[in-house]
Amino acid sequence: MEWSGQVFSWIYQYFDNMAFLLLAASGLILIYGMMGVINMAHGELMMIGAYVASAAFYVGAPAPVAIVAAGLVAGLVGIAMERLVIRHFYNQLLSSLVVTWGLSLILSQGVLLALGPSTMNMPTPFGSFSVGGFSFGVYRMVLFATAIGLIAGVWALFRFSSFGVAARAAMENPRMASALGVDTKRVYTATFAIGSALGGIAGALFAQTAAISPFFGQNYTPMAFITVVMGGGASAILGLVYAALYLAGVQTIASNVFNQYVGYVSIMAAAFIGLLVMPSGISDFVQKRRARRMAR
Amino acid sequence: MASSASQLSLAAVQSGYGRVKVVQNVSLEVATGEIVAVIGRNGVGKSTLMKTIIGEIAPMSGAVSFRGLDVTRLDAARRARLGVGYVPQGRDVFARMTVGENLALGRRVGGAPAANLERVFGFFPILEKRLAQPAGSMSGGEQQQLAIGRILAGRPDIILLDEPSEGVQPNIVQEIGRIIRRLRDEERLTVLIVEQNLSLIRAVADRCVIMDKGAVVGEIAPEALDDPETAARYLSI
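Residues numbered from 1 in each chain as written. Chains lettered and ligands numbered in written order. Predicted model: local features only at pLDDT ≥ 70, side-chain atom pairs only at ≥ 80, totals over all residues. Heavy atoms only, no water.

### As for the overall build of chain B
At step 1: If you tally the helices and strands in chain B, you get nine helices and 10 strands.
At step 2: Against the compact-globule benchmark of 18 Å for 237 residues, chain B has a radius of gyration of 17 Å, which places it among compact chains.
At step 3: With the C-alpha coordinates aligned to their principal axes, the bounding extent of chain B is approximately 45 × 40 × 40 Å.
At step 4: Summed over all atoms, the accessible surface of chain B reaches about 9,800 Å², with 49% contributed by carbon and sulfur. (Helix = DSSP H or I, 4+ residues; strand = E, 2+ residues; numbered from the N terminus. Rg over C-alpha atoms; globule rule 2.2 N^0.38 Å. Areas by Shrake-Rupley, 256 points an atom, 1.4 Å probe, with all protein chains shown as cover.)

This is how it looks when you write it as structure tokens:
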């Protein structure tokens, strides 16, 4: 009886850790994969999403509406960021890092000035269930399912829709895409807005598990960043999934063998070792191996 | 629609890269349904001229008009949607995307509601069999057919071809020549083609515009290139 609870607990933790990485990194890796920009202000978009969701929640909106509102507002903030700043730094990885880091400081300090340092909270919905004497929150599983749903949705959008085909063309060869009538600037703005909206939605989802403050985003940016680098840019969505499977696995084992803190730090160690073996990330590594096998 | 109406008109166009002027004072009229070849040795500015016409490079001075409409200030995407179809040197198919996706991308040329795949397969049956294949895995000749088929999936009024014979086996070059003629004869498409391949020029061109050092220096009838000395002077062979 207790044994089954223990095994379930490990699986539960693995899925929970994966959900964390998938949600925190999905918008970031989309923007990196499509446009070669790492948005260090992604955590601040999550923070904005968290505030919007809790504000909507406290004026009486149901949780799904609050989450959608968070995505919309973060998407609009993303459009403004892209139009005013990011547009000038496409495919300049280092400059974009510095500039978006600056944006991140401005946004978090701005919210601190406007709303003060006090934290807000949202209740965690859905209650809990127990397996073999262990108690588990239902919401964590909902988070995982939502993460998978969001990623599948984004994948389908870029794989099948006319917008997605245009966006991939603009990524592969912007000059030729323009010569075929694709408005590449609009495609970039829209892609950035989608990535930002994913950040806002993730923020709204995490707002129901963590305290909301102006520095809310800082809990997520480092892990999201590591996941994106580990995933690599060759295939954004697959890279994200590979990286989450790998990093969450190491984290789950390390936090059970040692403790939560070691588990958290082990993500960095795992990424360090992973990047020694696969310097441009897992998706790039897999793609090259597949190409080599096909060449043979 | 008057048959002599100018489809494309360049007035004293100068353009280049940064401060380097490559195209010098080019004026050119191409009538609707005309096939004009731009010839000249390597590095005389033929490709730069093409890129200026489609809007990839903004001219330093002069004007580009398309069906009487001044498009000098419009970007490449808007010119494409007005009906300017471009097949660049090196083809530039989207290598990581499938043949079907490449064709779907041609829809915006001339603003078609959906990609006209039947028309494309009528001209290039091979593409129908390759729809799900990544474009980068095809041969040079197949990629050339895809690059031309891609704009034919839309509704171009004028097509600009930059060395379509380059790296393509001779029988496919012949086939491309036949298709260019058909497009003009059946659909009154206007064609501007940069080419070094004598037999392709002879097969399609109504007249040849000669470029040298960035400027248009003259015009000859395609038949004149049958004289080996003339051909050697204007083509890099």
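Text resumes after the structure shown.
### Structural notes on the interface of chain B and chain A
At step 1: Tallying the contact residues gives 22 residues for chain B and 18 residues for chain A.
At step 2: Regarding the contact of chain B and chain A, the summed buried area is about 1,800 Å², with carbon and sulfur atoms giving 58% of it.
At step 3: Taken as a group, F94(B), R96(B) and R108(B) account for 30% of the area that chain B buries against chain A, more than any other trio of residues on that side.
At step 4: Connecting chain B to chain A are three salt bridges.
At step 5: Salt-bridge contacts for R168(A) lead to E101(B); the nearest nitrogen and oxygen are separated by 2.7 Å.
At step 6: One can count nine residue pairs in polar contact (both at pLDDT 80 or more) joining chain B with chain A.
At step 7: Of all elements in the fold, only α2 (76–82), β6 (84–87) and α6 (140–152) of chain B reach the threshold of two or more residues within the side of chain B that touches chain A.
At step 8: Per element, the largest residue contribution to the side of chain B that touches chain A is four residues, and it comes from α2(B). (Contact = heavy atoms within 4.5 Å. Buried area = accessible area lost by both parts, 1.4 Å probe. Salt bridge = Lys/Arg side-chain N within 4 Å of Asp/Glu carboxyl O. Polar contact = N/O pair within 3.5 Å; in protein donor to acceptor, adjacent residues only side chain to side chain.)

### What about a positive patch on the surface?
All names here are of chain A.
At step 1: On the surface, R289, R290, R292 and R293 cluster together to form a positively charged patch.
At step 2: With respect to the helices and strands, R289 occurs in helix α12 (residues 282–295).
At step 3: On the basis of relative accessibility, which here comes to 44%, the residue R289 falls in the partly exposed class. (Patch = residues over 30% accessible without salt bridge, like charges linked within 9 Å, V, L, I, M, F, W, Y side chains within 5 Å. Lys, Arg positive; Asp, Glu negative; His and termini not counted. Charge placed at Lys NZ, Arg CZ, Asp CG, Glu CD. Buried < 20%, exposed > 50% of the residue type's maximum accessible area, 1.4 Å probe, protein only.)

### Concerning the pairing of strand β9 (residues 207–212) of chain B
Residues and elements named next belong to chain B.
At step 1: Within β9, five of the six residues are buried, which leaves it mostly tucked inside the rest of the structure.
At step 2: Sheet topology note: the strand β3 (residues 35–39)/β9 ladder contains four bridges and is parallel. The partner of V38 across the bridge, within β9, is V209.
At step 3: In this structure, β9 lies alongside strand β10 (residues 215–220), joined through five bridges in antiparallel fashion. (Pairing = 2+ DSSP bridges.)

### Quick look at the nonpolar core
In summary, soluble globular proteins display a tendency toward joint burial of nonpolar side chains.
At step 1: Judged by nonpolar contacts, the single largest core of 154 residues is most densely connected at F206(A), L10(B), I39(B), L127(B), L160(B) and L192(B).
At step 2: A per-element tally of this core places helix α1 (residues 2–35) of chain A first, with 13 residues.
At step 3: Non-local contacts of L160(B), meaning those with residues more than four positions away in its chain, are made with M50(B), I53(B), I54(B), V84(B), G85(B), Y86(B), V87(B) and L192(B). (Core = buried A, V, L, I, M, F, W, Y, C linked by side-chain atoms within 4.5 Å.)

### Some words on the pattern of salt bridges
At step 1: Evaluated as defined, the whole model comprises 17 salt bridges over all chains.
At step 2: Between R140(A) and D16(A) there is a salt bridge, and its shortest N-O distance comes to 3.4 Å. Within this pair, whereas R140(A) is found in helix α5 (residues 138–160), its partner D16(A) is found in helix α1, the two being separated by 124 residues in sequence.
At step 3: The salt bridge partner of E56(B) is R175(A), with a shortest N-O separation of 3.1 Å. Here R175(A) lies in helix α7 (residues 174–179) and E56(B) lies in the loop between α1 (46–54) and β4 (61–66), a pairing that spans two chains.
At step 4: Its relative accessible area of 25% is what places E56(B) among the partly exposed residues.
At step 5: When its relative accessible area of 45% is taken as the criterion, R175(A) is described as partly exposed.

### Thoughts on the sheet that holds β10(B)
Residue and element names in this part refer to chain B.
At step 1: Across the sheet, six strands lie side by side as β6-β7-β8-β3-β9-β10; this open sheet has mixed pairing. The open sheet has two edge strands, β6 and β10, and neither has a second partner. Averaged over all neighbouring strand pairs, the angle between strand axes comes to 20 degrees, with direction disregarded.
At step 2: Relative to strand β7 (residues 158–162), β6 runs parallel, the two sharing four bridges. Each residue of the ladder has a partner; that of G85, found in β7, is I159.
At step 3: Helix α7 (residues 170–187) contacts β3, β7 and β8 (190–194) of the sheet and is inclined by roughly 140 degrees relative to β3. (Axes fitted to C-alpha atoms, helices over the stretch in contact; angles between N-to-C directions.)

### Some thoughts on the sheet that holds strand β2 (residues 20–31) of chain B
Residue and element names in this part refer to chain B.
At step 1: Within the open sheet, the four strands sit side by side as β2-β1-β4-β5. Their pairing is antiparallel. Each of the sheet's edge strands pairs with one partner strand only, and the pair in question is β2 and β5 (69–70).
At step 2: In the sheet, β4 pairs with β5 via two bridges, with the strands oriented antiparallel. Counterpart to F66 in the pairing with β5 is L69.
At step 3: Of the strands in this sheet, β1 (6–17), β2 and β4 are in contact with α1, which crosses β1 at around 115 degrees.

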